[in-house]
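Structural characterization, general
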Amino acid sequence: MDGLVAEAGSALLPALHLPCLPQHFYRAASSHEHKLSFKKSKEVCLSYVQDAILQKQWKRAAEFLTFYIESIEKDYSIEYMGPSEIIWRVGTEILCNHSHGSIGEFNSFMEQMKTLGVKRYLKVCLEHAFHLLCNGLVDEAYQNLSLAESWRFGEQTTAQDKEMKLVQAYRGLLDYYSWSKQKNTLLEYEKEGLEDSSVEREMHSCFRKAAMSLKEIIKIPGVWDLFVKSYVDLLEFYGDHQEAREVLSEYAYNSKFPSNPNAHVYFYQFLKRHGASKKSLISALKILHDIVPSHELMIDFNIMLQKSKKRKKRRLGLEVIFAALDYAGTKENVKAWSCLARQVKQIVISEKHLDWIKEEWNSRKDWWPAFHFSRYSAKRNWQENESLTYEKALVAGVLLGKDCKYFKYVSHQGCKAQVKRFRTLKKFVNRHGPVCLRISGL
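Description of the structure in this document. Quick caveat: nothing in here was measured; it's all calculated off a predicted structure.

Concerning the overall build of the chain
Helix and strand content of the chain: 23 helices and zero strands. Taking all 442 residues of the chain together, 45% fall into the buried category. Long-range contacts, defined here as pairs at least 24 residues apart, represent 63% of the contacts in the chain between residues at least 6 apart.

Notes on the packing of helix α12 (residues 261-273) against helix α13 (residues 278-291)
α13 packs onto α12 with a crossing angle of 165 degrees between their chain directions and a minimal axis gap of 9 Å. The orientation of α12 relative to α13 falls into the category roughly antiparallel. The handedness of the crossing between α12 and α13 is left-handed. Here P261, H264, V265, F267, Y268, L271 and K272 of α12 lie close against α13, whose contacting residues are S280, L281, A284, L285, I287, L288 and I291.

Points about the packing of aromatic side chains
Following the criterion strictly, the structure yields 20 aromatic pairs and no others. Ring geometry for F130 and Y170: centres 4.9 Å apart, planes at 70 degrees, overall edge-to-face. Note that F130 is positioned in helix α6 (residues 121-134) and Y170 in helix α8 (residues 158-191), a separation of 40 residues in sequence. Both rings, one in W224 and one in F227, keep their centres 5.7 Å apart while their planes meet at 75 degrees; by these two values the pair is edge-to-face.

Things to note about the side chain of K392
Within the secondary structure, K392 sits in helix α20 (residues 386-400). Look past the residues within four positions of K392 in its chain and what remains in contact with it is K331, W337, H372, F373, S377, N381 and Y406.

Side note on α6
Since there are 3.6 residues in each turn of an α-helix, residues three or four apart along the chain are aligned in direction. The terminal C-alpha atoms of α6, which comprises 14 residues, lie 20 Å apart, in line with the 20 Å expected from a rise of 1.5 Å per residue. All of the buried residues along α6 are Y121, L122, V124, C125, L126, H128, A129, H131 and L132.

Some words on the environment of W337
Within the secondary structure layout, W337 lies in helix α16 (residues 334-350). Sequence-distant contacts of W337, defined by excluding residues within four places in its chain, comprise L325, T330, K331, E332, W368, H372, F373, L388, E391, K392 and V395.

Description of the nonpolar core
Within the largest apolar cluster, 46 residues are counted, with the highest numbers of intra-cluster contacts made by L214, I218, W224, F227, V228 and F301. Where this core is concerned, the elements lending two or more residues are α8, α9 (197-217), α10 (225-237), α11 (241-253), α12, α13, α14 (297-306) and α15 (311-324). Grouped together as the second largest cluster of nonpolar side chains are 42 residues, I299, V348, L388 and F428 included.

Some details on α13
The end-to-end C-alpha distance of α13, which contains 14 residues, comes to 20 Å, matching closely the 20 Å that a straight helix rising 1.5 Å per residue would cover. Restricting attention to buried positions, one finds in α13 the residues L281, I282, A284, L285, L288 and H289. Around the axis of α13, the buried residues are gathered within 165 degrees of arc, so they sit on the same side. Buried residues along α13 sit against α11, α12, α14 and α15.

Some thoughts on the pattern of salt bridges
Applying the stated criterion across every chain, the model contains 15 salt bridges. In this structure, the salt-bridge partner of E360 is R315, at a minimum N-O distance of 2.9 Å. Of this pair, E360 sits in helix α17 (residues 354-362) while R315 is found in helix α15, placing the two residues 45 residues apart along the sequence. Classification of R315 by relative accessible area gives buried; the value is 16%. Note that D326 is salt-bridged to R364, the shortest N-O span being 2.8 Å. In this pair, D326 is assigned in the loop between α15 and α16 and R364 in the loop between α17 and α18 (368-372), connecting sequence segments 38 residues apart. Here D326 matches R364 in class, with each residue buried. Overlapping salt bridges, with partners in common, bring together R315, D326, E359, E360 and R364 in one network.

With respect to the state of the cysteines
With the rule as written, the count across this model stands at zero disulfides. Here C96 stays unpaired: no disulfide links it, and the sulfur of C134, its closest cysteine neighbor, is 8.0 Å away. Take C96: its relative accessible area is 39%, and that puts it in the partly exposed class.

Let's talk about a positive patch on the surface
Where like charges cluster on the molecular surface, the positive patch consists of K272, K278, K307 and R342. Relative to the helices and strands, K278 is located in helix α13. The exposed category is assigned to K278, whose relative accessible area is 54%.

Structural notes on the packing of α16 against α20
Axis separation between α16 and α20 bottoms out at 9 Å; the angle between their running directions is 35 degrees. Considering how the two elements wind past one another, α16 and α20 form a crossing that is left-handed. Along the contact surface, α16 presents V334, W337, S338, L340, A341, V344, K345 and V348, while α20 presents S387, L388, E391, K392, L394, V395 and V398. Partitioned by chemical class, the residues of the contact of α16 with α20 number ten nonpolar, two polar and three charged.

Considerations on unusual backbone geometry
Backbone phi values are negative for most residues with the exception of glycine, while trans is the configuration of most peptide bonds. One non-glycine residue, H353, lies in the positive phi region at around 65 degrees. Position of H353 among the secondary structure elements: in the loop between α16 and α17. For H353, a relative accessible area of 23% gives the class partly exposed. Phi is positive for Q418, which is not a glycine, with a value near 60 degrees. You can call Q418 exposed: its relative accessible area is 64%.

Procedures and definitions
- Residues numbered from 1 in each chain as written.
- Predicted model: local features only at pLDDT ≥ 70, side-chain atom pairs only at ≥ 80, totals over all residues.
- Heavy atoms only, no water.
- Helix = DSSP H or I, 4+ residues; strand = E, 2+ residues; numbered from the N terminus.
- Buried < 20%, exposed > 50% of the residue type's maximum accessible area, 1.4 Å probe, protein only.
- Contact = heavy atoms within 4.5 Å.
- Axes fitted to C-alpha atoms, helices over the stretch in contact; angles between N-to-C directions.
- Parallel < 35°, antiparallel > 145°, perpendicular 65-115°, else oblique.
- Left-handed = near helix turned anticlockwise from the far one by under 90°.
- Phe/Tyr/Trp six-rings, centres within 6.5 Å; stacked < 30°, edge-to-face > 60°.
- Expected span 1.5 Å × (residues − 1).
- Core = buried A, V, L, I, M, F, W, Y, C linked by side-chain atoms within 4.5 Å.
- Arc of directions from axis to C-beta.
- Salt bridge = Lys/Arg side-chain N within 4 Å of Asp/Glu carboxyl O.
- Disulfide = S-S within 2.5 Å.
- Patch = residues over 30% accessible without salt bridge, like charges linked within 9 Å, V, L, I, M, F, W, Y side chains within 5 Å.
- Areas by Shrake-Rupley, 256 points an atom, 1.4 Å probe, with all protein chains shown as cover.
- Lys, Arg positive; Asp, Glu negative; His and termini not counted.
- Charge placed at Lys NZ, Arg CZ, Asp CG, Glu CD.
- Nonpolar A, V, L, I, M, F, W, Y, C, P; charged D, E, K, R; others polar.

Take a look at the structure:
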């Protein structure tokens, strides 16, 4: 064990001079004092490592970690301090960021870390594979995961069983990657009128291995977006749409799984791809709206609801688009403002359901003017995006009347520039002034 820890030190960097260490790191001490001093020195040294890492001083961090490892080697027979996980995590961080670090050094370090603790062997293997993938070494990562998959030591605990499933899942993900490459090759051959049975066999082999591993991991409650998407892609390619739908439905609606907006997005996109009914699409987006009212799909949701003949759905559509614009992420989204402007304009012209607008506006009239309709916003929007400015000005004119700062500035600039639609906009707000006053409550 002592030798392995020493090797871990040499894997980081050669021994370096540490002029900045305090004197108590070096002075002689009695046996009892030595134990206390070692514990204190270890804690101080780790705090220096942490400080260096936070400041991205990777060379300095490596020096202190080297000293830490050497200290443990000298005192390991006196008192075991459980340092291997610290060495693994800190050493990995340093090697990943050190300017002189190489993939060879990293591989050597990780192989040594795998022998320092049986309980974390699979975690180290996973991290090793991730690093290899980040460096484009897909085949090496696959080999690493395959070796980890065949690893056994004593009775497998519940935690190790989950980690093993994760190892298998990532190996399955790489099988999916290989399948996808083979599929694209095969499609290219088909375009050129060529055939290659070996490519097809390899593709089907990758499919079987990937499907088996991916299917297992997504049974465990968790967030498995990448695995689910890959598995569904496999199923759809081979025409198993029913199984794909069941997988996505389970992932989105099973209460054992954590709430995950992406699960509902994937299910909606699947339904849309396969021509599902408007009712099914609306149902899927309604749940997404409840979870993430600012999601970009809320624009599609609003458009669908506006087209409905049912009053209740059109009312929901107005609620959806107002809610979406409550968030900074959609503050300058032209499509979102266009949706709101279109529906508001329709209501004002018909003078039906003005109460819908009033209900939405009442909870926003204290903060939307500053958030959306300030003079500063008007100037900036006018300079950057004329279409956005037009849609917002229409909404501002209806909600706040013709004296609204945003509307006044934009309509003035638009008429000054002789842009026809801004003259039309000004006339619309003036013509429907009494209706706008009823909505604004002024």
